[in-house]
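# Observations on the three-dimensional arrangement
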Amino acid sequence: MAFLTHHICRGLSSSAVRHVVIKNVTIIGGGQMGAGIAQVAASTGHAVTLVDTNEDILKKAVKGIEGNLKRVVKKKFADKPEAGEEFIGKAMQNVSTSTDAGSVVQGTDLVLEAIVENLKVKQDLFGGLDKLAPAHTIFASNTSSLSITDIASSTNRLDRFGGLHFFNPVPVMRLVEVIATSSTSQETFDSLLNFSKMLGKTTVSCKDTPGFMVNRLLLPYILDAVRMYERGDGSKEDIDIAMKLGCGYPMGPFELSDYVGLDTMKFIMDGWSAANPDNPMFAQSEVLNKLVSEGKFGKKTGEGFYKYK
Ligand SMILES: CCCCCCCCCCCCC[C@H](O)CC(=O)SCCNC(=O)CCNC(=O)[C@H](O)C(C)(C)COP(=O)(O)OP(=O)(O)OC[C@H]1O[C@@H](n2cnc3c(N)ncnc32)[C@H](O)[C@@H]1OP(=O)(O)O
Ligand SMILES: NC(=O)c1ccc[n+]([C@@H]2O[C@H](COP(=O)([O-])OP(=O)(O)OC[C@H]3O[C@@H](n4cnc5c(N)ncnc54)[C@H](O)[C@@H]3O)[C@@H](O)[C@H]2O)c1
């Protein structure tokens, strides 16, 4: 159960900020982001229920979490293998799974959604859960590109709704963008900030503007790289090498696109294109459309701009 705590800000003795201490978390979507967030939340002592529509996806997610925890332990407990085993055991005990979100939200402090990047699907999910979750439960979306305000509009808890934008791979990337809409209460915002910090992440506070901070800058960069390749101005391999060796980026734009998932990239593009129909920047990309129509979604399907294995 959650409890409210009072934070007395140092130097501001009269300003007391209340926030919900999040202990029990329901994460909806057991794909790459949901599983990554579940891994980090479980290994920082949170009770996590991971939900997906499909039992096989959940099995794969749990197996992936255990495998990735082994990578973490190899580094963190290099000289203490027993402590490492204990760490993995404790984290795995904190993870349970379900295919029925409605039946698990009763005792949850936070419902964090990481499902497909589609406004209607996200609205349907939250609209349904709003009727079932306790009043104190905070809802948050990990959307890459959709408006939190639009997603929240399907619920009657606008003050207890915000955005938590994690980065891929979640166990490695240190940032969380915490997003407040004009209706998000200060208590909710502080609870989400505090939760992100408990996960060991650094936070930045964002308004609910398109792409928040990171994707507002990342999207034009990736878009321009794809256009450059479509015009034949450079090979995808050379563009990737250029950005890695010229700018010190860990991945080039095509490697990164495959890593994010080309299906997700297309959802993002289509959403922004629909919202800005007259902006040529968001014109359809033949290359992206072809790869997605062939089921080549990137690393997760074994092929995208590049082949894997
Ligand atoms: C015209 C049409 C265009 C369409 C336009 C649409 C544009 C859309 C653009 C927006 C997309 C937004 C997506 C999203 O909202 C936001 C994002 O998440 S953006 C992605 C951010 N991520 C990155 O930028 C990742 C960059 N890459 C890296 O940092 C590294 O390459 C890597 C992924 C960490 C991998 O590193 P490598 O060195 O290659 O590989 P290793 O396997 O050795 O890993 C390094 C290190 O990390 C540990 N590790 C890796 N994964 C995990 C894991 N899952 N769990 C735990 N640990 C992990 C690994 O053990 C290594 O540790 P070490 O041994 O070094 O101690
Ligand atoms: N991939 C990235 O790099 C990245 C980074 C940050 C944020 N995001 C965002 O996170 C979300 C998930 O992205 P992902 O890459 O993990 O996608 P993914 O395709 O890997 O996983 C999505 C999962 O959601 C499940 N799902 C779909 N509808 C559902 C529903 N109604 N109920 C329960 N489960 C459902 C699917 O079965 C799938 O397992 C998207 O909103 C995306 O924009 C993605």
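Residues numbered from 1 in each chain as written. Chains lettered and ligands numbered in written order. Predicted model: local features only at pLDDT ≥ 70, side-chain atom pairs only at ≥ 80, totals over all residues. Heavy atoms only, no water.

## Remarks on the sheet that holds strand 7 (residues 138-141)
Note the following rule: Should DSSP find at least two bridges between two strands, the strands are taken to pair. For helices the rule is a DSSP run of H or I covering at least 4 residues; for strands it is a run of E covering at least 2, with both sets numbered from the N terminus onward. Here, axes are lines fitted to C-alpha atoms. For helices the fit covers the stretch in contact, and angles between N-to-C directions go from 0 to 180 degrees.
With mixed pairing, the eight strands of this open sheet are ordered in space as 5-4-3-6-7-8-9-10. Two strands lie at the open edges of the sheet, namely strand 5 (95-98) and strand 10 (202-207), each paired on one side alone. Ignoring which end each strand starts from, the neighbouring axes of this sheet average 25° apart.

## Observations concerning the side chain of Asp-208
Put simply, the rule reads: Type-normalised accessible area, obtained with a 1.4 Å probe on protein chains alone, sets the label of each residue: buried when under 20%, exposed when over 50%, and partly exposed for intermediate values. Under the convention used here, Asp and Glu are negative, Lys and Arg are positive, and both His and the chain ends fall outside the count. A pair is scored as a salt bridge if a Lys or Arg side-chain nitrogen falls within 4 Å of a carboxyl oxygen belonging to Asp or Glu. Any N or O atom pair separated by 3.5 Å or less is treated as a polar contact, with the protein-specific requirement of one donor-capable and one acceptor-capable atom, and with residues adjacent in sequence counted only for side-chain atom pairs. The contact rule is simple, with two residues in contact once any of their heavy atoms fall within 4.5 Å.
Along the chain, Asp-208 falls in the loop between strand 10 and helix 8 (214-230). Among buried charged residues, Asp-208 stands out as having no salt bridge; its nearest opposite-charge side chain is Lys-207, 12 Å away. Within the structure, the side chain of Asp-208 is placed 3.0 Å from the backbone nitrogen of Ile-148, a separation counted as a polar contact. A polar contact of 2.5 Å, which involves the side chain of Asp-208, links it to the side chain of Thr-149. Every residue in contact with Asp-208, bar those within four places of it in the chain, is listed here: Ser-147, Ile-148, Thr-149, Ile-179, Ala-180 and Thr-181.

## Some details on the environment of Ala-47
As for its position among the elements, Ala-47 is in strand 4 (residues 47-51). Excluding anything up to four places from it in sequence, Ala-47 contacts Lys-23, Asn-24, Val-25 and Asn-94.

## Details of the packing of helix 8 against helix 10 (residues 253-260)
Selection criterion: A crossing counts as left-handed when the near helix is turned anticlockwise from the far one by less than a right angle, and as right-handed when that turn is clockwise. Polar here means any residue outside two lists: the nonpolar Ala, Val, Leu, Ile, Met, Phe, Trp, Tyr, Cys and Pro, and the charged Asp, Glu, Lys and Arg; Gly therefore counts as polar.
At a minimum axis distance of 10 Å, the contact between helix 8 and helix 10 shows a crossing angle of 115°. Here the hand of the crossing between helix 8 and helix 10 comes out left-handed. Across from Leu-218, Tyr-221, Ile-222, Ala-225, Val-226 and Tyr-229 in helix 8, the residues of helix 10 making contact are Pro-253, Phe-254, Leu-256 and Ser-257. Among the residues making up the contact of helix 8 with helix 10, the classes are represented as nine nonpolar, one polar and no charged.

## Quick look at the site of ligand 2
Going by this rule: Throughout, near means a residue has at least one heavy atom within 4 Å of the molecule or strand. Per-residue accessibility takes into account occlusion by the displayed protein chains alone, with areas from the Shrake-Rupley method and a 1.4 Å probe.
Looking at ligand 2, there are 22 residues lining it, with Met-33, Asp-52, Glu-117, Lys-122 and Ser-144 nearest. The side chain of Asp-52 places a nitrogen or oxygen atom 2.7 Å from an oxygen atom of ligand 2. About the coverage of ligand 2: the protein hides 85% of its 830 Å² of free accessible area. Among the elements of the structure, helix 1 (32-43) and strand 8 (161-166) are those that each provide at least two residues to the shell around ligand 2. Here the residues of the shell around ligand 2 sort into eight nonpolar, 10 polar and four charged.

## Comments concerning the side chain of Asp-258
Along the chain, Asp-258 falls in helix 10. One buried charged side chain, Asp-258, makes no salt bridge at all; its nearest oppositely charged neighbour is Lys-236, positioned 8.2 Å away. A distance of 2.8 Å separates a polar atom in the side chain of Asp-258 from the backbone nitrogen of Phe-305. Ignoring any residue separated from it by four or fewer positions in sequence, one finds Asp-258 in contact with Phe-297, Gly-298, Lys-299, Gly-304, Phe-305, Tyr-306 and Tyr-308.

## Re the nonpolar core
Inclusion rule: Take the buried Ala, Val, Leu, Ile, Met, Phe, Trp, Tyr and Cys residues and link them wherever side-chain atoms come within 4.5 Å; each set so joined is a nonpolar core.
By size, the foremost hydrophobic cluster in this structure holds 39 residues, and its most contacted members are Leu-110, Leu-164 and Phe-166. Per-element accounting of this core gives the leading share, seven residues, to helix 1.

## Let's talk about the site of ligand 1
In the vicinity of ligand 1 lie 29 residues, with Lys-75, Ser-144, His-165, Asn-168 and Asn-215 positioned nearest. Within the side chain of Asn-68, a nitrogen or oxygen atom sits 3.4 Å from a nitrogen atom of ligand 1. Burial of ligand 1 by the protein chains amounts to 74% of its free accessible area of 1,400 Å². Tallying contributions element by element places helix 8 first for the shell around ligand 1, with seven residues. Considering only residue class, the shell around ligand 1 consists of 19 nonpolar, seven polar and three charged.

## Some remarks on helix 2 (residues 55-76)
Here is the rule: The span one expects for a helix is its residue count, reduced by one, times 1.5 Å. In this description, one arc is meant: the one made by directions from the helix axis to the C-beta atoms.
Between its terminal C-alpha atoms helix 2 stretches 31 Å, which fits the 32 Å expected from 22 residues at 1.5 Å a residue. Every buried residue of helix 2 is listed here: Leu-58, Ala-61, Ile-65, Leu-69 and Val-73. End-on, the buried residues of helix 2 take up no more than an arc of 110°, which puts them together on one face. Exposed residues pointing more than 90 degrees away from the buried face of helix 2 are listed as Asp-56, Lys-59, Lys-60, Lys-63, Arg-71, Lys-74 and Lys-75.

## Considerations on the UniProt feature "site: Important for catalytic activity" (unreviewed entry) in the protein chain
Using the following cut-off: UniProt positions are given in the numbering used here, feature names are shortened, and annotations may be inferred rather than shown by experiment.
Mapped onto this numbering, the UniProt entry gives "site: Important for catalytic activity" (unreviewed entry) at His-165. Tracing the backbone shows His-165 in strand 8. For His-165, a relative accessible area of 3% translates into the label buried. Ignoring any residue separated from it by four or fewer positions in sequence, one finds His-165 in contact with Asn-142, Thr-143, Ser-144, Leu-175, Val-176, Glu-177, Ile-179, Phe-212 and Asn-215.

## Things to note about the packing of aromatic side chains
Put simply, the test is: Stacked, tilted and edge-to-face pairs are distinguished by plane angle, under 30 degrees for stacked and over 60 for edge-to-face with tilted covering the rest, among Phe, Tyr and Trp rings (Trp via its six-membered ring) whose centres lie within 6.5 Å. Criterion for a charge above a ring: Lys NZ or Arg CZ within 6 Å of the ring centre, and within 35 degrees of the ring normal.
Inspection of every chain in the model, using the stated rule, returns nine aromatic pairs. With a centroid separation of 5.4 Å and 70° between ring planes, the pair formed by Tyr-229 and Phe-254 is classed as edge-to-face. Within this pair, whereas Tyr-229 is found in helix 8, its partner Phe-254 is found in helix 10, the two being separated by 25 residues in sequence. The aromatic ring of Phe-139 is capped on one face by Arg-157, whose charged end is 4.4 Å from the ring centroid.

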